[in-house]
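Residue-level structure breakdown
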Amino acid sequence: MRKGLYFVIFACVFTMVWTAGCTDKKTTVSENAAADTLVSEDTVSRDTLEELMAEQAIPVAADELFDDFIFNFAGNRKQQLRRILFPLPVVKDGHTVNMTKNSWKIDHFFMEQGFYTLILDDRKQMDLPKDTSINHVTMERINLDNSEVEQYHFDRSTGKWMLTSIHKSKVEDNPNSSFLTFYHRFVTDSVFQMQSLNDFVTFSGPNPDDDFEELVGEITPEQWPAFAPVDLPSGTIYNIIYGEKNVSGSQKIFMLRGISNGQEMEMTFKKSGSQWKLTKLVE
């Protein structure tokens, strides 16, 4: 994924989530009467934006799809508090602590980094975000450096998405543990990355020498430096599980999706024996 994907103005993202999250609606700050008094968008502090957004209720339509809901949930402190089932069970090492409303601090999740990631088992799962019948979603915040996973469980009851519990565990206890351990090394060790390429990697994306030209074909490990995605996330990544649990398997599709620009990148890894290999890259 090119570096342009990561350039997201936080204020613009906040403006987008006032209506229905990451949609194509053209709402701007000037359309809100409360924001007309602001001198310019560049001078608006994050606290001011949050204060303005706190008065905006999460649209009813946003509860149809989890993706629309989570963008609103992540950017609106007052509405975030209203969409958490307190006291909130926080489970770690088999022990449960019930968090009170006063102890909760607003969490913007992946909004500040401008993109989010998905770890899928097959291409059929790509359609799950559009399935309006799904009533349970697990959003994982995975800290690769500390090998920790926080799972935020959301349930939709009476037509509204609610955060119902948080579960904390180690990467080694996650169904994707083998892939996550591999991926962390893949993005932090350039020598290991080269060793983890298939003999031929199927490629579809822009020509590295001409962004206006699309290339489709196969690349060899020797050609990889010219095509390798830049700035792959290596510290904290997110994964959203729509309705069904991820399982240990021999294939993982790692996707990066931009929040404001609609860009996405797809990397397919396959496991042979104990070794994962990158077999496909779509930019």
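Above this text is the structure in question.
What you see is a predicted model; the values in this text were computed from it and never measured. (Residues numbered from 1 in each chain as written. Predicted model: local features only at pLDDT ≥ 70, side-chain atom pairs only at ≥ 80, totals over all residues. Heavy atoms only, no water.)

Our focus in this paragraph is the sheet that holds strand 4 (residues 136-143). A sheet is described by the order of its strands in space; here six strands give the open sequence 2-1-6-5-4-9, paired in mixed fashion. The open sheet has two free edges, formed respectively by strand 2 (95-99) and strand 9 (236-242), since each of these has just one partner strand. Each strand of the sheet is rotated relative to its neighbour by a mean of 20°, with strand direction disregarded. Looking at chain direction, strand 1 (residues 88-92) and strand 2 are connected through five bridges and run antiparallel. Opposite K92, over in strand 2, you have H95 as the bridge partner. Helix-sheet contacts for helix 3 (residues 66-75) involve strand 4, strand 5 (148-157), strand 6 (160-170) and strand 9, and the interaxial angle to strand 5 is about 115°. (Pairing = 2+ DSSP bridges. Helix = DSSP H or I, 4+ residues; strand = E, 2+ residues; numbered from the N terminus. Axes fitted to C-alpha atoms, helices over the stretch in contact; angles between N-to-C directions. Contact = heavy atoms within 4.5 Å.)

Read across the open sheet, the six strands follow the order 3-10-11-12-7-8; overall the sheet is mixed. Either end of the sheet is taken by a strand with one partner, and the two such strands are strand 3 (115-120) and strand 8 (210-219). Recorded for the sheet is a direction-independent mean angle of 20° between the axes of neighbouring strands. Relative to strand 11 (residues 264-272), strand 10 (residues 251-258) runs antiparallel, the two sharing seven bridges.

Both faces of the sheet carry side chains from a regular strand, because those side chains alternate between them. The sheet contact formed by strand 7 (residues 197-207) and strand 12 (residues 275-282) spans four bridges and is parallel. Note on strand 12: the bridge partner recorded for T202 is K280. Taken together, the seven bridges between strand 11 and strand 12 define a ladder with antiparallel strand orientation. Paired with E266 across the bridge in strand 12 is V282. Following strand 11, the chain reverses through two residues before pairing antiparallel with strand 12; G273 in that reversal takes a positive phi of roughly 70°.

Quick look at the side chain of S165 now. The topology assignment puts S165 in strand 6. Taking the relative accessible area as the measure of exposure, S165 reaches 12% and is therefore buried. Polar contacts involving the side chain of S165 include one to the side chain of H167, which spans 3.4 Å. The contact partners of S165, leaving out residues within four places of it in the chain, are L88, P89, Q151, Y152 and H153. (Buried < 20%, exposed > 50% of the residue type's maximum accessible area, 1.4 Å probe, protein only. Polar contact = N/O pair within 3.5 Å; in protein donor to acceptor, adjacent residues only side chain to side chain.)

Here the focus is the nonpolar core. Core analysis: the largest hydrophobic core is formed by 35 residues, its most contacted members being F66, I70, F110, F154 and I240. By residue number, the principal contributor to this core is helix 3, which donates six residues. Look past the residues within four positions of F154 in its chain and what remains in contact with it is F66, F69, I70, F73, N135, H136, V137, M139, W161, M162, L163 and T164. Judged by nonpolar contacts, the second largest core, of 30 residues, contains I119, V171, V187 and L256. (Core = buried A, V, L, I, M, F, W, Y, C linked by side-chain atoms within 4.5 Å.)

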